[in-house]
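Spelled out from the first residue to the last, the chains are:
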Amino acid sequence: MAEVGARPALPMTEQAIPVQRPRAQRGALGGVETAEGDALGGAGAAGESYVFGGLGITTESDAAGWPGAAGGRGARGEAGAGSGVPLDPEDRADGFEGYRARVPWERRLGWLLMGSDAAACVIAAGVAYLVRFGGVVEFDLKPVSAKPYLVMSVVLPVVWVLAMFLGRAYESRFLGGGSEEFRRVLNTAAHLTALVAVLSYATKAELARAYVLIAFPAALLLTVLGRCAARGYLHRMRRGGRGLHRVLVVGAGDSAASLVRLARRDPTAGWSVVGVVLDRSPGRHSHDYADRGGFDLLGVPIVGTSESLHTAIRATHATTVAISPQMDGETLRRVLWMLEGSDVDVLVSSALTDVTGPRISIRPVAGLPLLHIEEPELTGARRAVKGLFDRSVAIGVLLLSSPLFVALALAVRLTSPGPAIFRQTRVGCDGRPFTMFKFRSMYVDAEARKAELAAQNERAEGLLFKMRDDPRITKVGKFLRKWSLDELPQLFNIANGTMSLVGPRPPLPAEVAQYEDEVHRRLMVKPGLTGLWQISGRSDLEWDESVRLDLRYVQNWSLPLDFYILWRTVFAVLRREGAY
C-alpha cells in the first residue's frame, strides 16, 4: 500500500483528476453553443502591448513580456490592481465575469445517446414480446391481455432514459473514454431491473417473468452496443479534428510539456491544447525550442503566466484547464473560485505515471485529499479466474477452428519448404523460458539472412527487428501476418498455461538479456496473445512506447481491462494497422 499526496512535485504527469466545483449543468441536457478560437501569436517585449493572434484581445505585458502581471491589464482591458488570480468577487468581476465555456458537441452527443438508449429499449421490448408470446418459443401460459406489455413497451424507453439520466450516465465527463460510462450504465440497469421486479411482485402486476428476464438484459446489451458505436463515431470525429476540448495547460516547463505530449499521443482523448500558461517567465523552460526564446512549448504557444490565467482563458476560448501538480493549494483554490459558473472543466494532474483504474482512490486525511494507491494484483483469486477463463476460451476456439487450422497448415506446408508450425524460445512469467508456436510465415533460412538485412531494420532504436517489406516472408506468410492468423497456434500456449489471452508481448531471450531493471517488470505476468501493444499500433510502435504499454498493463491489470483489450483487438485486426 502507498499513499501519495494529491500535489506531489514530480516532473512527469500522466494522470488527470477532475475537480468538482459549483457550476452550471453541462452535458446531455445542459450543453451550450460554441465559439471558435484562432491560433495564438507570441508575446511582446517588456512594456509592450501583447495581442493574442487573431483574437483581438490586447493586454499590457509585464517586465518579462507577458500579460496580466502587476500594473498590467485584465481580460477586459481595465487596469488591474495587482498580480495573481482574482481573490474576491470584485476582482473576479473585473477579470472573468460573463465567460462561459462553449462545447456544443457534448449536447449533441448527449441527445444522440438518449435516442440510442430509447431505441434499444423499444427493440428489446419487441424482441421480448415476440420470444415470450409470438410463438418463437413455446410457453405453457399465454397472456390474458396484451395491454400490459404494450404499456411496458411505451413506458420502458422513457423510464430507462430517465434512470440513466439520474444515474449520471449522460454526464459529458464520462463520455468518450474510460470505463466509467459503462459502469454507470450497468449499475443503473441493475437497479432498475430490481426495482421493476419488486414493484411487479408487490402490486401483483400481470407481467410475465420471462418477458422481464428477456427485455431488460436485451435492453442493456443494445444500450452498451449503441454507446460503443457512439464512442467509435466520436473517436473518428476526434481523429479528424472535431469533437475536441480546447485545453489550456498550466504548469512549469517540464510538467506542461508532459501534458502536451500526453494530448498528442492519443487523439481520441479529445484534447486540443490551445495554449500553455507557465508558472513563471518562460524564457528558460522550453529546451526543445531554446532558440525561440520560450515563446512556444513543443509547438504550442505560451500565452502568459499563472498570474494572467483569466486573460489566457478568455483569449484561447478554453473549455478545460489542465493544471500540473506544482501549483500550491492556495493558488488552486483561487483558480477554482475564479472559474465558478464558467463551465470550464478543471483537471489536476496527480503526477502518477500510467497508474489508472481501480488502483486509485481518494482518501481525505485532516482535510487534505490523498491518493490511495493499491499494489498491483499479481496473485490471488482474480488471477485464478483469469487463468481459468484463458484456458477455457483457448480450448473452445481450438475445437471450433480446427478445420481452419488444418487449411492454414496445408497452405504453409505446400507453398514453401519447411514445417507448418514455427517453434521459438520465448521468455515467460518470472523469466521462465517456453516454446512458443506460430504458423511459419518466413522461409526456413530467415534467421541466417537476418544479418544481411540488419541495415534495413526499422526498429534500430530498440531490440526488435522489423521491416515492412521483409524479403524473408513468404506469399502465404504475408497473408497470415496481414490478418494475424500466424499467431493462432499460440492458443496451444494458452491452453498449456505458458501464455495468456491478454498480456505483454512475449520477448526473446536476447531481448531480456538487454533489459534495464524496470523493464524486467514485464516478466511479472504471463505474456499474451494480444495486449495494449496490439491495439495501439503493433509493429508501428517505437520500442519505448511498447515497453510503456506493457508496464502499464502489468501495473493496472484487471478482468474488465482484459475484456476491453479483447474487444479492441477485433477491430485492430480488421484495420490491419501495424501488421507486417
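What counts and how
Residues numbered from 1 in each chain as written. Predicted model: local features only at pLDDT ≥ 70, side-chain atom pairs only at ≥ 80, totals over all residues. Heavy atoms only, no water. Helix = DSSP H or I, 4+ residues; strand = E, 2+ residues; numbered from the N terminus. Buried < 20%, exposed > 50% of the residue type's maximum accessible area, 1.4 Å probe, protein only. Contact = heavy atoms within 4.5 Å. Areas by Shrake-Rupley, 256 points an atom, 1.4 Å probe, with all protein chains shown as cover. Core = buried A, V, L, I, M, F, W, Y, C linked by side-chain atoms within 4.5 Å. pLDDT = per-residue confidence, 0-100. Polar contact = N/O pair within 3.5 Å; in protein donor to acceptor, adjacent residues only side chain to side chain.

Caption draft 1: Fine view of the overall build of the chain. Looking only at helices and strands, the chain features 16 helices and 16 strands. Split into buried and exposed, the 580 residues of the chain put 47% on the buried side. Excluding contacts between residues fewer than 6 apart, the proportion of contacts in the chain whose partners are at least 24 apart in sequence is 73%. Per element, the accessible surface of the chain, about 28200 Å² overall, is 60% carbon and sulfur.

Caption draft 2: Region of the structure containing unusual backbone geometry. Of note, histidine 317 is a non-glycine position whose phi angle comes to about 55°, a positive value. As for its position among the elements, histidine 317 is in the loop between α7 (309-316) and β9 (320-323). In this structure histidine 317 comes out as partly exposed when scored by relative accessible area, which is 24%. Phi is positive for aspartate 343, which is not a glycine, with a value near 65°. Within the fold, aspartate 343 resides in the loop between α8 (329-339) and β10 (345-349).

Caption draft 3: Local environment of the nonpolar core. One finds Leu109, Trp160, Met164, Tyr211 and Phe216 to be the most contacted residues of the largest nonpolar core, which totals 33 residues. Those elements giving two or more residues to this core turn out to be α2 (104-133), α3 (147-166), α4 (180-202) and α5 (209-239). Among the elements that line this core, the one with the most residues is α2, at 9 residues. If we ignore the near neighbours within four places in the chain, the residues touching phenylalanine 216 are Leu156, Trp160, Leu192, Thr193 and Val196. In terms of nonpolar packing, the next biggest core, distinct from the first, is built from 28 residues, Leu408, Ala420, Leu485 and Met499 among them.

Caption draft 4: Inspection of the environment of glycine 270 at higher detail. Summarising the element assignment, glycine 270 is placed in the loop between α6 (253-265) and β6 (271-278). Counting along the chain gives 28 residues from glycine 270 to arginine 242, while the straight-line C-alpha distance between them is 8.4 Å. Once residues lying within four places of it in the same chain are set aside, the contact partners of glycine 270 are Arg238, Leu244 and His245.

Caption draft 5: The arrangement of the confidence of the model for the chain in detail. Within the chain, residue pLDDT values average 77, and 75% of them lie at 70 or more. Note on residues 1-15: pLDDT under 50 across the span, and 54 contacts to partners over four residues away in sequence or across chains. Below pLDDT 50 for its whole length, residues 282-294 participates in 24 contacts with residues either more than four positions away or in separate chains.

Caption draft 6: A look at the side chain of threonine 188. Here threonine 188 shows up in helix α4. A distance of 2.8 Å separates a polar side-chain atom of threonine 188 from the backbone oxygen of arginine 184. If we skip the residues at most four places from it in the chain, threonine 188 touches Ala163, Met164 and Gly167.

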